[in-house]
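Take a look at the letters that make up each chain.
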Amino acid sequence: MKSNSHSANRSKGNFIENHATAYLMREGYQVLARNYAYRGGELDIVAKDNDTIVFVEVKSVWSNGQGNPATRVNAAKQKKVWKTACHFLCTQIKNLDQKSRFDVLSIRAYEHPLRFSHFKNAFEGTQVIPEC
């Protein structure tokens, strides 16, 4: 049963991330990557907003009792996203000085039509930049 639950969660995640990607594109973002993974971290969406690389963490809830999805981006999650973003900047953009930011896109999937809460500059990477 666990694999069915995992499969259902993956399906829900893909559904939400597809809609999140479409939302960002409607807002004028250029999507560069999705589900970029590095050492246990994953970037849901990497996009470009003018001259800024935006690392977008997508969070959703499927029922009203689950609270605000954006609150799930805790300090540990932020650190994983930050480390993965550094790797992306180093290997894909080849510039750690590239202007960038961390956004959270929050979706309550039980609402129709879907509404997005977009938190720009939701958190900052405050750690020392690692060697690539």
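Parameters and conventions
- Residues numbered from 1 in each chain as written.
- Predicted model: local features only at pLDDT ≥ 70, side-chain atom pairs only at ≥ 80, totals over all residues.
- Heavy atoms only, no water.
- Core = buried A, V, L, I, M, F, W, Y, C linked by side-chain atoms within 4.5 Å.
- Buried < 20%, exposed > 50% of the residue type's maximum accessible area, 1.4 Å probe, protein only.
- Helix = DSSP H or I, 4+ residues; strand = E, 2+ residues; numbered from the N terminus.
- Contact = heavy atoms within 4.5 Å.
- Pairing = 2+ DSSP bridges.
- Salt bridge = Lys/Arg side-chain N within 4 Å of Asp/Glu carboxyl O.

> Honestly, the nonpolar core in this entry has me stumped. Any pointers?
Side chains of nonpolar character tend, in soluble globular proteins, to be buried together. Core analysis: the biggest nonpolar cluster contains 17 residues, and Leu 43, Val 46, Phe 55, Phe 88, Phe 102 and Phe 123 have the highest contact counts within it. Going through the elements one at a time, strand 1 (30–38), strand 2 (41–49), strand 3 (52–61), helix 2 (75–93) and strand 4 (100–108) are the ones with two or more residues in this core. With six residues, the single largest contributor to this core is helix 2. In this structure, Phe 102 is in contact with Phe 55, Val 81, Trp 82, Ala 85, Phe 119, Lys 120, Asn 121, Ala 122, Phe 123 and Gly 125, ignoring residues within four places of it in sequence. Formed by 15 residues, the second largest nonpolar core is a distinct cluster that contains Tyr 29, Ile 45, Val 54 and Val 58.

> What is the right way to look at the pairing of strand 3 in this model?
Side chains on a regular strand alternate between the two faces of the sheet. With respect to burial, strand 3 is a largely interior element, nine of its ten residues being buried. The pairing of strand 2 with strand 3 spans five bridges and is classified as antiparallel. Paired with Asp 49 across the two strands is Thr 52, which belongs to strand 3. Between strand 2 and strand 3, which pair antiparallel and follow one another directly, the connecting turn spans two residues, one of which, Asn 50, has a positive phi of 60°. As paired strands, strand 3 and strand 4 are joined by nine bridges and run parallel to one another. Looking across to strand 4, one finds that Ile 53 is bridged to Ser 100.

> What's the story with the pattern of salt bridges in this structure? I'm lost.
Think of it this way: side chains of opposite charge can pair up when their charged atoms draw near. Scanning the entire structure with this criterion turns up six salt bridges. The partner of Arg 101 in a salt bridge is Asp 49, and the shortest N-O contact between them spans 3.1 Å. Taken together, the positions of Arg 101 in strand 4 and Asp 49 in strand 2 put the pair 52 residues apart, joining distant regions of the chain. Grouping residues by exposure puts Arg 101 and Asp 49 together as buried. With its nearest N and O atoms 3.6 Å apart, the salt bridge here joins Lys 59 to Glu 57. Glu 57 carries the same exposure label as Lys 59, and that label is buried. Because the salt bridges share partners, they merge into one network encompassing Asp 49, Arg 101 and Asp 103.

> What exactly am I supposed to notice about unusual backbone geometry here?
When glycine is set aside, most residues are seen to have a negative phi, and most peptide bonds are trans. Residue Pro 113 is bonded to the preceding His 112 through a cis peptide linkage, with omega at 0°. Inspection of the secondary structure puts Pro 113 in the loop between strand 4 and strand 5 (116–123). Phi at Arg 39 takes a positive value of approximately 45°, unusual for a residue other than glycine. Taking relative accessible area as the criterion, Arg 39 reaches 75% and is therefore assigned exposed. For Asn 121, which is not glycine, the phi dihedral falls at a positive 55°. Within the element layout of this structure, Asn 121 appears in strand 5.

Function-wise, these values are silent; they only describe arrangement.
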